[in-house]
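Report on the structure
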Amino acid sequence: MDTTTQKPQTSGRHATSLRATVEWLRANGDLIETTKEVDPDLELTGLQKHLDGGPPMLFENVKGKPYARAITNLFSDIDVIDRMFGFEGPTDRTWKIADALNNPTATVEVEQQDAPCQEHVITENIDVNEWITAIRHTELESEVTIGSGIRCVAGEYFDGGSDVGYNRMNFRWGDVGTFMISPGSHMWQVITEHYHDDEPIPITACFGVPPACTLLAGAGFDYVVLPKGCDELGVAGTIQGEPVALVKARTVDAWAIAESEYVLEGYLHPRDKRYETKESEDAGVQGRHYFHPEWAGYMGKAYKAPTFHVTAITMRKPETKPIIFPLGVHMVDDSNIDTTVREAAILELCQRLQPGIVQDVHIPYSMTDWGGCIIQVKKRNKIEEGWQRNFLAAILSCSQGMRLAIAVSEDVDMYSMDDIMWCLTTRVNPRTDILNPLPGGRGQTFMPAERMTAGDKAWTASNTEFEGGMGIDATVPFGYETDFHRPVYPVDRVDPADFFSAEDIAMAKSRMHGWVKSLAKTGR
């Protein structure tokens, strides 16, 4: 981990712990709360989907968990996230996080007796599901999942850096649970290096962490910019404006995020692989039975996975009701977590290739987290014509499993999918502007189209093939700007308030939906 402290760029103490964030949300009117008991089996995710994209929701009482609270939709409203970290909108957010990627703030160590996450320690008769809130997302799943734990690997096992990320877990055996690892991910790189070690890998899984740590945990598959050995917790510190505090685990040689609500300590056993569900175990088949929805928008499947053997559960005092963030997958909440840092990493990748051309990066919800992106380019001279294709090829190559990358010009509202569809319809030559740079490369088995390539074999990474993804150059060719010039109506020269009442204007705007809202802002 980097030991050089950089100047913080953003925010204040309200973002340095989940509890402080909850108080900040409450004070700003951005939190809805209920004392009615909620069932983590289907009710939590059902309520979250009802209010997807809405404000954070705090549940004071969780069925079967007398000492726990639950929060969802924490990242669902991106405007709240912008205010939380002091960002002035999407473009400012992406550029500031890209800068943070290059300027991590060194973590600090706190003593065990001072760490909030170690106020209460359990080392005997461990039953993880008794303390950690496991959820079932849909009726299609046969068992519950713990998907909100953020692994923390720091120091020797991560080449001196720090790594945080999500791994779904199912503790079918009390203190032992499956620990799913995406092929190619940072954790995959760690277990590949240490697969044949005599000793298992010491790690922690942290729950209810500071929001910036959650953002970095979603930064998967952008490893040219965030390679093995980088300091992800240092980047989180820069984003939140204060160093992330770490504490030594009580029972293993590992680190935990000190401001966590709960922590699981233990050892990851790469070669002790077990089925994620009894259903898949009884069938003896991987990748066929439903389990845990995936970011791509399809039902996930149960596999054999390495196992996490828990040696301790540490937490804040139970009587204070620690807060867990049971993450529903394929929600705006999850999408914002998985795309915010990723957008910045893609921008940084393009800046390293040729600075000044890419102006912004956006990953719409419908591009499903790691599935795609849109870049906006500004060609300043004829020599820069063509760089957009270099960027597209690089993005598709460096983002494992990405299926669609689109380049647009600066006259396009990249945050309006209607404007994007108009751009694709009117500016793309299907013979010359659609690229397929990596057929036969490595993708991700979470996409059904890739699973299908396994044929009759098990739907595992070793049996699937990647068709290579698609890059689309929808930019205006340099020198032809006048031929592609959009009409600009004089919205800046007239004010509806000079002609109509506020009530009439509000009524009229309430009837505006879709593309017209984007066009009305610019007059196009």
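Residues numbered from 1 in each chain as written. Predicted model: local features only at pLDDT ≥ 70, side-chain atom pairs only at ≥ 80, totals over all residues. Heavy atoms only, no water.

**Looking at the overall build of the protein**
Helices and strands together make up the secondary structure of the protein, namely 15 helices and 20 strands. In terms of C-alpha radius of gyration, the protein reaches 24 Å, essentially the compact-globule figure of 24 Å for 524 residues. Along the first, second and third principal axes, the C-alpha set of the protein runs to 75 × 55 × 50 Å. By the burial criterion, 55% of the 524 residues in the protein qualify as buried. Accessible area for the protein stands at about 21600 Å²; split by element, carbon and sulfur atoms hold 52% of it. (Helix = DSSP H or I, 4+ residues; strand = E, 2+ residues; numbered from the N terminus. Rg over C-alpha atoms; globule rule 2.2 N^0.38 Å. Buried < 20%, exposed > 50% of the residue type's maximum accessible area, 1.4 Å probe, protein only. Areas by Shrake-Rupley, 256 points an atom, 1.4 Å probe, with all protein chains shown as cover.)

**Points about the pattern of salt bridges**
This model, assessed by the stated rule, comprises 29 salt bridges. Among the salt bridges present, the one from Arg-151 reaches Asp-163, with a minimum N-O distance of 2.7 Å. Remark: Asp-163 occurs in strand 7 (residues 162-166) and Arg-151 occurs in strand 6 (residues 150-154); sequence separation between them is twelve residues. Through salt bridges with shared partners, a single ionic network connects Arg-19, Glu-259, Glu-261 and Arg-316. (Salt bridge = Lys/Arg side-chain N within 4 Å of Asp/Glu carboxyl O.)

**Some points on the environment of Pro-448**
Residue position: Pro-448 is located in helix 13 (residues 448-451). The class of Pro-448 is partly exposed, set by a relative accessible area of 23%. Residues Pro-448 and Glu-43, 405 residues apart in the sequence, show an inter-C-alpha distance of 27 Å.

**Quick look at the pairing of strand 7**
Summarising burial for strand 7: four of the five residues are buried, a large majority. In this sheet, strand 7 lies alongside strand 6 in antiparallel orientation, the contact comprising five bridges. Residue pairing in the sheet places Cys-152 in a bridge with Val-164 of strand 7. (Pairing = 2+ DSSP bridges.)

**Remarks on a nonpolar patch on the surface**
Taken together, the side chains of Val-494, Phe-499 and Phe-500 define a hydrophobic patch exposed on the protein surface, amounting to about 360 Å² of accessible area. Assignment of secondary structure puts Phe-499 in the loop between strand 20 (470-474) and helix 14 (502-510). (Patch = residues over 30% accessible without salt bridge, like charges linked within 9 Å, V, L, I, M, F, W, Y side chains within 5 Å.)

**Comments concerning the confidence of the model for the protein**
A residue-level look at the protein finds 95% of positions with pLDDT of 70 or above and a mean pLDDT of 93. Residue range residues 3-11 is modelled with pLDDT below 50. Its contacts to residues more than four positions away, or to other chains, number 24 contacts. (pLDDT = per-residue confidence, 0-100. Contact = heavy atoms within 4.5 Å.)

**Describing the packing of helix 1 (residues 18-27) against helix 3 (residues 78-85)**
Where helix 1 meets helix 3, the axes come as close as 12 Å, and the angle between the chain directions of the two elements is 110°. Taken together, helix 1 and helix 3 sit at an angle that is classed as roughly perpendicular. Every pair of crossing elements has a handedness; the one defined by helix 1 and helix 3 is right-handed. Taking contact as the criterion, the partners of Thr-21, Trp-24 and Leu-25 in helix 1 are, on helix 3, Val-80, Arg-83 and Met-84. (Axes fitted to C-alpha atoms, helices over the stretch in contact; angles between N-to-C directions. Parallel < 35°, antiparallel > 145°, perpendicular 65-115°, else oblique. Left-handed = near helix turned anticlockwise from the far one by under 90°.)

**Here we look at the nonpolar core**
Leu-264 and Ile-375 are the most contacted members of the largest nonpolar core, which totals 123 residues. Ranked by residue count, the leading element in this core is helix 10 (residues 332-353), at eight residues. Apart from the residues lying within four places of it in its own chain, the contact partners of Ile-375 are Ile-346, Val-358, Asp-360, Val-361, Gln-388, Phe-391, Leu-392, Ile-395, Ile-406, Ala-407, Val-408 and Met-414. (Core = buried A, V, L, I, M, F, W, Y, C linked by side-chain atoms within 4.5 Å.)

**A short note on the environment of Gly-356**
Inspection of the secondary structure puts Gly-356 in the loop between helix 10 and strand 16 (358-362). Taking the C-alpha atoms as reference points, Gly-356 and Val-377, separated by 21 residues in sequence, lie 8.7 Å from one another. What Gly-356 contacts, discounting residues up to four positions off in sequence, is Gln-351, Lys-378 and Arg-380.

**Remarks on helix 3**
All of the buried residues along helix 3 are Val-80, Ile-81, Asp-82, Met-84 and Phe-85. Looking at the buried side of helix 3, the elements it contacts are helix 1, helix 4 (90-101), helix 7 (211-217) and helix 8 (232-240). Of the residues flanking the start of helix 3, the one acting as N-cap is Asp-77, its side-chain oxygen 3.0 Å from the backbone nitrogen of Asp-79. Taken from the residues just after helix 3, Gly-86 is the one with a positive phi, measuring 80°. (Polar contact = N/O pair within 3.5 Å; in protein donor to acceptor, adjacent residues only side chain to side chain.)

**Some remarks on unusual backbone geometry**
The phi torsion at Leu-42 lies on the positive side, around 80°, for a residue other than glycine. Of note, the phi angle at His-292 is positive, near 60°, even though the residue is not glycine. Turning to its location among the elements, His-292 is positioned in the loop between helix 9 (278-283) and strand 14 (304-315).

**Digging into the sheet that holds strand 16**
With mixed pairing, five strands are arranged side by side in an open sheet as 16-17-18-20-19. Sheet topology places strand 16 and strand 19 (434-435) at the edges, where each strand pairs with a single neighbour. Sheet analysis places strand 18 (residues 404-409) next to strand 20, joined by five bridges and oriented parallel. In the sheet register, Val-408 faces strand 20, and the bridge partner there is Ala-474. The sheet strands contacting helix 11 (residues 387-398) are strand 16, strand 17 (372-377), strand 18, strand 19 and strand 20, and the helix crosses strand 20 at an angle near 160°.

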